[in-house]
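Structural overview for review
These are the residues of each chain, in order.
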Amino acid sequence: PPELAEALLTLPEALHGIPMAQMRGQVESLLASSPCLSVAQLAVGGKELMELGIPAGEKMGEALQMLLEGVTDGKWENSRDALLSAAKSWHSVC
């Protein structure tokens, strides 16, 4: 994402004089906190959701959008386990 690239470009200036190991930790932390901004960045995809019984097509799109909104709202972390659990719950009530 553009925000991440911009943040990475300003790191050398912001971290001037900081030991390399500490700088590496700062960069790794920044990368780990990179937000999920699109369905393509979710930790699960259509294949995993189809294995839960969610059909391809409109329902799949709804499920992926629901997961993206949950991640961006901070409801779930963008991890395979968290998203599969959320998808199972959602699918059981649909």
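A few points on the structure. (Residues numbered from 1 in each chain as written. Predicted model: local features only at pLDDT ≥ 70, side-chain atom pairs only at ≥ 80, totals over all residues. Heavy atoms only, no water.)

A word on the overall build of the chain. Along the chain, the regular secondary structure elements total five helices and zero strands. Traced from its N-terminal end to its C-terminal end, the chain shows the element sequence α-α-α-α-α. Within the chain, contacts between residues at least 6 apart in sequence are counted, and of these 54% link residues at least 24 apart. Summed over all atoms, the accessible surface of the chain reaches about 6,200 Å², with 56% contributed by carbon and sulfur. (Helix = DSSP H or I, 4+ residues; strand = E, 2+ residues; numbered from the N terminus. Contact = heavy atoms within 4.5 Å. Areas by Shrake-Rupley, 256 points an atom, 1.4 Å probe, with all protein chains shown as cover.)

Quick look at the nonpolar core now. Core analysis: the biggest nonpolar cluster contains 17 residues, and Leu 42, Val 44, Leu 49, Ile 54, Leu 67 and Leu 83 have the highest contact counts within it. Looking at this core, the elements with two or more residues in it are α4 (58-72) and α5 (80-93). The greatest single-element share of this core, amounting to seven residues, is contributed by α4. Beyond its immediate stretch of four places on either side in the chain, Leu 67 contacts Leu 42, Val 44, Leu 49, Trp 76, Leu 83, Ala 86 and Ala 87. (Core = buried A, V, L, I, M, F, W, Y, C linked by side-chain atoms within 4.5 Å. Buried < 20%, exposed > 50% of the residue type's maximum accessible area, 1.4 Å probe, protein only.)

An ideal rise of 1.5 Å per residue puts 21 Å on 15 residues; α4 measures up with 21 Å between its terminal C-alpha atoms. Residues of α4 that are buried in the fold lie against α3 (46-51) and α5. Trailing α4 by a residue or two, Gly 74 shows a phi angle of about 85°, which is positive. (Expected span 1.5 Å × (residues − 1).)

A few words on α5. For α5, built from 14 residues, the straight-helix expectation of 20 Å at 1.5 Å per residue is met to within 8% by its first-to-last C-alpha distance of 20 Å. When α5 is considered as a whole, its buried residues turn out to be Ala 82, Leu 83, Leu 84, Ala 86, Ala 87 and Trp 90. Where α5 is buried, its residues contact α3 and α4.

Inspection of the secondary structure assignment puts Met 60 in helix α4. Distance from Met 60 to Lys 47, taken between C-alpha atoms, is 9.9 Å for residues 13 residues apart in sequence. Setting aside residues up to four positions removed in sequence, Met 60 forms contacts with Gly 46, Leu 49, Met 50, Ile 54 and Pro 55.

This brings us to the packing of α4 against α5. In contact at an axis separation of 10 Å, α4 and α5 are set at 130° when each is read in the N-to-C sense. One element, α4, and the other, α5, form an angle in the oblique class. Crossing handedness for the pair α4 and α5: right-handed. Between α4 and α5, the residues in contact are Lys 59, Glu 62, Ala 63, Met 66, Leu 67 and Val 71 and Leu 83, Ala 86, Ala 87 and Trp 90, respectively. For the contact of α4 with α5, the per-class residue count stands at eight nonpolar, no polar and two charged. (Axes fitted to C-alpha atoms, helices over the stretch in contact; angles between N-to-C directions. Parallel < 35°, antiparallel > 145°, perpendicular 65-115°, else oblique. Left-handed = near helix turned anticlockwise from the far one by under 90°. Nonpolar A, V, L, I, M, F, W, Y, C, P; charged D, E, K, R; others polar.)

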